[in-house]
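# Descriptive analysis of the structure
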Amino acid sequence: MMGNYTTLIIDDERLAREEVRRALENHPEFTIVGEANNAEVAKTLIEKEQPDIIFLDIHMPGKSGFDLLEELGTVPEVVFTTAYDQYAVQAFEVNALDYLVKPLREERFSKTIEKVKLEFKKQEEELKVPLASHQKIFIKDGEKVYFIVLAEVRLIESMDNYARLYFGDDKPMIKRSLNQLEERLDPKIFFRANRSQIINTEYIKEIQPYFNNKLRLILTTGEIVDLSSRQSVTFKKRNSL
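My aim in this report is to walk through the structure given alongside it, one point at a time. Just so we're clear, the structure is a prediction, and the values are computed from it rather than from any experiment. (Residues numbered from 1 in each chain as written. Predicted model: local features only at pLDDT ≥ 70, side-chain atom pairs only at ≥ 80, totals over all residues. Heavy atoms only, no water.)

A few words now on a nonpolar patch on the surface. Taken together, the side chains of Phe138, Val145 and Phe147 present a nonpolar region at the surface, about 350 Å² in accessible area. Structurally, Phe138 can be placed in strand E6 (residues 136–141). (Patch = residues over 30% accessible without salt bridge, like charges linked within 9 Å, V, L, I, M, F, W, Y side chains within 5 Å. Areas by Shrake-Rupley, 256 points an atom, 1.4 Å probe, with all protein chains shown as cover. Salt bridge = Lys/Arg side-chain N within 4 Å of Asp/Glu carboxyl O. Helix = DSSP H or I, 4+ residues; strand = E, 2+ residues; numbered from the N terminus.)

Written as structure tokens, this is what we have:
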């Protein structure tokens with residue numbers, strides 16, 4: 001995430017959206033991936049684009065900015081931009097990073113951007129902390145929430161910018177790359193099989209020779225995972241006397 005943050009601008013007034021867009025021009029690390037003029041359009045865009053942060057108006061036709069946040073399964077970071085100053089307390093109660101009163105002032109907006117970048121840096125550092133295999137992890141996929149022991153995850157597959165975790169009969173998706181997850185997993189248990197899969201070696205039932213000296217792994221649950229040529233060599237070296 002560091003250095004490139006995807007952003008949505010949500011405001012029913014075109015001029016207000018343009019104001020935020022112009023302010024963001026001075027901060028090229030933020031990429032605007034869309035705009036919305038009401039909560040319904042915004043909800044669809046957020047679910048599609050999964051932005052890192054949204055700049056959100058409060059008063060809009062139909063549903064308010066607060067109404068929008070209540071309807072979201074996964075809420076991005078939020079900076080409120082509004083013409084009213086009386087909702088600041090409520091804004092911070094929903095964990096907004098900042099609250100800007102229109103018209104936007106360049107100096108004040110720059111301070112907000114610095115606050116946002118600090119928060120993202122903090123999140124990036126937290127994501128580098130290794131996880132113990134016996135540790136319980138929180139997973140949220142849409143309306144479903146899971147709290148499971150990490151060692152129960154037998155397989156992780158890359159799905160573009162997401163990863164699908166396999167445990168029991170469940171296969172939730174999270175917005176993490178395989179590289180990000182690999183950094184946090186115990187290499188004694190979890191092994192990078194190929195470009196798109198990580199396996200939990202505790203679930204290996206059978207190992208079969210495959211073409212070109214590759215290895216094919218059969219998991220206890222029946223899934224088949226083919227190791228890449230390079231990872232086949234690594235697997236043999238790591239698990240040999």
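A few words on the environment of Val129. Its place among the elements puts Val129 in the loop between helix H5 (106–126) and E6. Separated by 43 residues in the primary sequence, Val129 and Pro172 have C-alpha atoms spaced 22 Å apart.

This part covers the pairing of strand E4 (residues 77–82). When you tally the buried positions in E4, you get 6 out of 6 residues, the bulk of the element. Side chains of E4 alternate between two faces, with Glu77, Val79 and Thr81 and Val78, Phe80 and Thr82 buried alike. Of the strand pairs in this sheet, strand E3 (residues 53–56) and E4 are connected by 4 bridges, and their pairing is parallel. When the sheet's bridge partners are listed, Ile53 is paired in E4 with Glu77. In terms of handedness, the path from E4 via helix H4 (residues 88–93) over to strand E5 (residues 98–101) forms a crossover that is right-handed. (Buried < 20%, exposed > 50% of the residue type's maximum accessible area, 1.4 Å probe, protein only. Pairing = 2+ DSSP bridges. Right-handed = clockwise from strand over helix to strand, strands pointing away.)

Here we take up unusual backbone geometry. Backbone torsion omega between Lys102 and Pro103 reads 0°, so that peptide bond is classified as cis. Mapping Pro103 onto the fold places it in the loop between E5 and H5. Non-glycine residue Asn213 carries a positive phi angle of around 65°. For Asn213, the position within the fold is in the loop between strand E13 (204–209) and strand E14 (215–219).

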